[in-house]
Amino acid sequence: MSENEKSHEIWERSKKVFPGGVNSPVRAYQSVGREPIAIRSGKGAYITDEDGNNYLDFVNSWGPLILGHSDPDVVVSITKQAALGTSFGAVTKYECDLGELIINNIPHVESVRFVNSGTEAVMSALRLARGYTERDKIIKFEGCYHGHHDSMLVKAGSGLLTFSDDISESSSPGIPQSFSDNTIVLPLDDNDALTKAFATLGNEIAAVIIEPLPANSGLLIQRKEFLQKIQELTAKHGSLFIMDEVINGFRLGFSGFAGKYGFIPDLVTYGKIIGGGLPVGAFGGKKEIMKHLSPEGKVYQAGTLSGNPLAMAAGTTVLKKLLNEDIYTKLNRLSNELGEKFDSRVKPALVGKSFSIDLVREESIFWLNIHANGNENEIRQVTQIWDKAPEIYAQIFRYMLQEGVHIAPSAYEVGFLSYAMESKDILTYIETLIEVIGTID
Ligand code: PLP
């Protein structure tokens, strides 16, 4: 690969302007021990940095780009909309277009409201849950990340986990104790802890929120019985069941995790894919609950740029393609190819090493679970992640980047396949991974 001279110059500028050089922490590459590359453009399955190096991209902007970079239809829709106006702060047809696509195709979303990020979606859904139930406490699970607003930054995944020294203590300073007092954090996959929490505090719990496929502390696939237990206990105690589908929504099929496995959450939160690469979030669910939002109800929630026409246009184009074209079939085929090649080619390359790797995947989301050799257990809790995994992952990351394969700059972050990828791209990933495994003992 060629040099990263221009990326270096931009990084030097960035460090003078932004705290830690970035506008979102994991971008700083701190946990993988090298300087970030500065991205100039993206097309299909590839991104290009400022020095002109191309990389096969498995980050896809952390999930939104299910069609790959600069999908031609998305580009046309944004361009057309820009000529008509970029923001009105008023009722538009464009927000109806996207809203109707959602409520007409996702049975558990009877009413929806658009916001500008996944963080905002969760923050607003929790406020609505509290306003609706007239209760304060929220149950969340260790390792699940629900955005960066105050009450959810307790034992959270994503960047908090990436930068924490102790895996069980990934919380942020700056959160008043009185906020976190109302956040009850339970381990994932623990029916007893959940049952106990409801037995002691049942009538104070406004909602239980979970990433049904936790994807911010690796990919911790949960037993469906555990999620059913949440559904059962919330219904019994008059609490709301909130599924955070910011990652899963429109990725595990159009109706996300809930649709795929037949759950009926009271509220659901979306982000990432729903905006087609522009900043959008949404929350929705039962009409009976949603009608408590202002101006119909008393729970206040608002946004100058909410339902922004450009973002609505991009989101509508992507969601229409997901509904009308065979996107998921191809993504699943690629995912299966990745799984098959991992088993037949990567696994043998790991024999005799001090570590091993399992490929954990569901549909087009995947994660490398690096663990001690001989410890092949499926893991469902964040504390089961091997403490040496980040060190080995950092070596994998640096090698792959140098060879033109861009994976997430953190051992705890997942990878995303895109519709723009082909079988040859899966092969490139596998072959580069085998090469780097050969360099690590
Ligand atoms: N919820 C989940 C499950 C997420 O993965 C994220 C972000 O990664 C968020 C909420 C927050 O979304 P945003 O980064 O758009 O604020």
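Residues numbered from 1 in each chain as written. Predicted model: local features only at pLDDT ≥ 70, side-chain atom pairs only at ≥ 80, totals over all residues. Heavy atoms only, no water.

**Student:** In this structure, what is going on with the packing of helix H12 (residues 327-349) against helix H14 (residues 423-438)? I would like to understand it.
**Tutor:** Relative orientation and spacing of two packed helices are given, respectively, by the angle between their axes and the distance between those axes. Put simply, H12 and H14 touch, their axes get as near as 10 Å, and they point 25° apart. With respect to each other, H12 and H14 are oriented roughly parallel. Judged by the sense of rotation from one axis to the other, the crossing of H12 with H14 is right-handed. From H12, Arg333, Leu334, Glu337, Leu338, Lys341, Phe342, Arg345, Val346 and Ala349 reach across to H14, where they touch Ser423, Ile426, Leu427, Tyr429, Ile430, Glu431, Leu433, Ile434 and Ile437. (Axes fitted to C-alpha atoms, helices over the stretch in contact; angles between N-to-C directions. Helix = DSSP H or I, 4+ residues; strand = E, 2+ residues; numbered from the N terminus. Parallel < 35°, antiparallel > 145°, perpendicular 65-115°, else oblique. Left-handed = near helix turned anticlockwise from the far one by under 90°. Contact = heavy atoms within 4.5 Å.)

**Student:** Teacher, can you tell me more about unusual backbone geometry here?
**Tutor:** Between Ser294 and the following residue, Pro295, the backbone shows a cis peptide bond with an omega angle of 10°. Along the chain, Pro295 turns up in the loop between helix H10 (287-290) and helix H11 (309-324). Positive phi values are uncommon outside glycine, yet Glu134 reaches one of about 55°. Here Glu134 is to be found in the loop between helix H4 (118-133) and strand S5 (137-141). Residues other than glycine seldom take positive phi values, yet Phe250 does so here, at roughly 65°. Tracing the backbone shows Phe250 in the loop between strand S8 (240-244) and helix H9 (256-261).

**Student:** Would you mind showing me how to read the environment of Asp136 here?
**Tutor:** Topologically, Asp136 is positioned in the loop between H4 and S5. Residue classification places Asp136 among the partly exposed residues on the basis of a relative accessible area of 49%. Along the chain, Asp136 and Thr183 lie 47 residues apart, while their C-alpha atoms are 8.7 Å from each other. Contact partners of Asp136, with chain neighbours within four places excluded, come to Arg130, Asn182 and Glu204. (Buried < 20%, exposed > 50% of the residue type's maximum accessible area, 1.4 Å probe, protein only.)

**Student:** Sorry if this is basic, but what is going on with the sheet that holds strand S11 (residues 355-362) here?
**Tutor:** Pairing between the strands of a sheet is mediated by backbone hydrogen bonds and can be parallel or antiparallel. One open sheet accounts for 3 strands, arranged S11-S12-S14; its pairing is antiparallel. Looking at which strands have only one partner, the edges of the open sheet turn out to be S11 and strand S14 (415-416). Its contacts with the sheet put H12 on S11 and strand S12 (365-372), and the angle it makes with S11 is roughly 165°. (Pairing = 2+ DSSP bridges.)

**Student:** Which parts of the structure should I look at to understand the packing of aromatic side chains?
**Tutor:** Here the distance between the centres and the angle between the planes together describe a pair of aromatic rings. Following the criterion strictly, the structure yields 9 aromatic pairs and no others. Seen from their ring centres, Phe58 and Phe366 are 5.9 Å apart, and the 85° between their planes marks the pair as edge-to-face. One end of the pair, Phe58, is in the loop between strand S3 (54-57) and helix H2 (72-84); the other, Phe366, is in strand S12, with 308 residues separating them in the sequence. The pair formed by Phe58 and Phe366 is uniform in burial state, with each residue classed as buried. Note on Phe250 and Tyr270: the rings are 4.9 Å apart at their centroids and 45° apart in plane angle, and the pair reads as tilted. With Phe250 in the loop between S8 and H9 and Tyr270 in strand S9 (residues 267-270), the pair connects residues that are 20 residues apart, well separated along the chain. Take Tyr270: its relative accessible area is 0%, and that puts it in the buried class. (Phe/Tyr/Trp six-rings, centres within 6.5 Å; stacked < 30°, edge-to-face > 60°.)

**Student:** What exactly am I supposed to notice about the site of the ligand here?
**Tutor:** The full set of residues close to the ligand is Ser117, Gly118, Thr119, Tyr145, His146, Gly147, Glu211, Asn216, Asp244, Val246, Ile247 and Lys272. Here an oxygen atom of the ligand and a side-chain polar atom of Lys272 are 3.0 Å apart. Taken by itself the ligand offers 380 Å² of open surface, and the protein chains cover 83% of this. Taken together, the residues of the shell around the ligand sort by class into 3 nonpolar, 6 polar and 3 charged. (Near = heavy atom within 4 Å. Polar contact = N/O pair within 3.5 Å; in protein donor to acceptor, adjacent residues only side chain to side chain. Areas by Shrake-Rupley, 256 points an atom, 1.4 Å probe, with all protein chains shown as cover. Nonpolar A, V, L, I, M, F, W, Y, C, P; charged D, E, K, R; others polar.)

**Student:** What exactly am I supposed to notice about H11 here?
**Tutor:** Since there are 3.6 residues in each turn of an α-helix, residues three or four apart along the chain are aligned in direction. Between its first and last C-alpha atoms H11 spans 22 Å; for 16 residues at 1.5 Å apiece the expected length is 22 Å, and the two agree. Summarising burial for H11: 13 of the 16 residues are buried, a large majority. For H11, the capping residue at the N-terminal end is Asn308, with a side-chain oxygen 3.2 Å from the backbone nitrogen of Leu310. (Expected span 1.5 Å × (residues − 1).)

**Student:** Please clarify how the sheet that holds strand S13 (residues 405-406) should be interpreted in this entry.
**Tutor:** Ordered in space as S1-S2-S3-S13, the 4 strands form an open sheet in which the pairing is mixed. Since the sheet does not close on itself, it has two edges, and those belong to strand S1 (39-43) and S13, each with one partner. Looking at chain direction, S3 and S13 are connected through 2 bridges and run parallel. For Leu56, the partnering residue across the bridge sits in S13 and is Val405.

**Student:** Hey, could you run me through the pattern of salt bridges in this one?
**Tutor:** If charged atoms from side chains of opposite charge come close, those side chains can pair. Applying the stated criterion across every chain, the model contains 19 salt bridges. Glu12 is the partner of Lys15 in a salt bridge, and the nearest nitrogen-oxygen pair spans 3.2 Å. Linking Lys15 with Glu12, this pair stays in helix H1 (residues 5-17), spanning 3 residues, or about one helical turn. Taking relative accessible area as the criterion, Glu12 reaches 29% and is therefore assigned partly exposed. (Salt bridge = Lys/Arg side-chain N within 4 Å of Asp/Glu carboxyl O.)

**Student:** I keep staring at the environment of Val122 and nothing clicks. Help me out?
**Tutor:** Along the chain, the position of Val122 falls in helix H4. A C-alpha to C-alpha distance of 39 Å links Val122 and Ile434, two positions 312 residues apart in sequence. Setting aside residues up to four positions removed in sequence, Val122 forms contacts with His146, His149, Met152, Ile209, Asp244 and Thr269.

**Student:** Would you take a moment to explain the environment of Gly276 for this structure?
**Tutor:** Here Gly276 is to be found in the loop between S9 and strand S10 (281-285). Remark: the alpha-carbon pair of Gly276 and Asp49, spanning 227 residues in sequence, is separated by 22 Å. Gly276 has contacts with Leu65, Val74, Ala314, Gly315 and Val318, leaving out every residue within four places of it along the chain.

**Student:** Teacher, can you tell me more about the nonpolar core here?
**Tutor:** Grouped together as the largest cluster of nonpolar side chains are 68 residues, with contacts concentrated most on Phe250, Leu319, Leu322, Ile396, Tyr429 and Leu433. Counting residues per element, this core draws most heavily on helix H13 (residues 389-402), which supplies 8 residues. Setting aside its immediate chain neighbours within four residues, Ile396 contacts Ile357, Ile370, Ile407, Leu433, Val436 and Ile440. With 37 residues, the next largest nonpolar core counts Ile184, Leu219, Val360 and Tyr412 among its residues. (Core = buried A, V, L, I, M, F, W, Y, C linked by side-chain atoms within 4.5 Å.)

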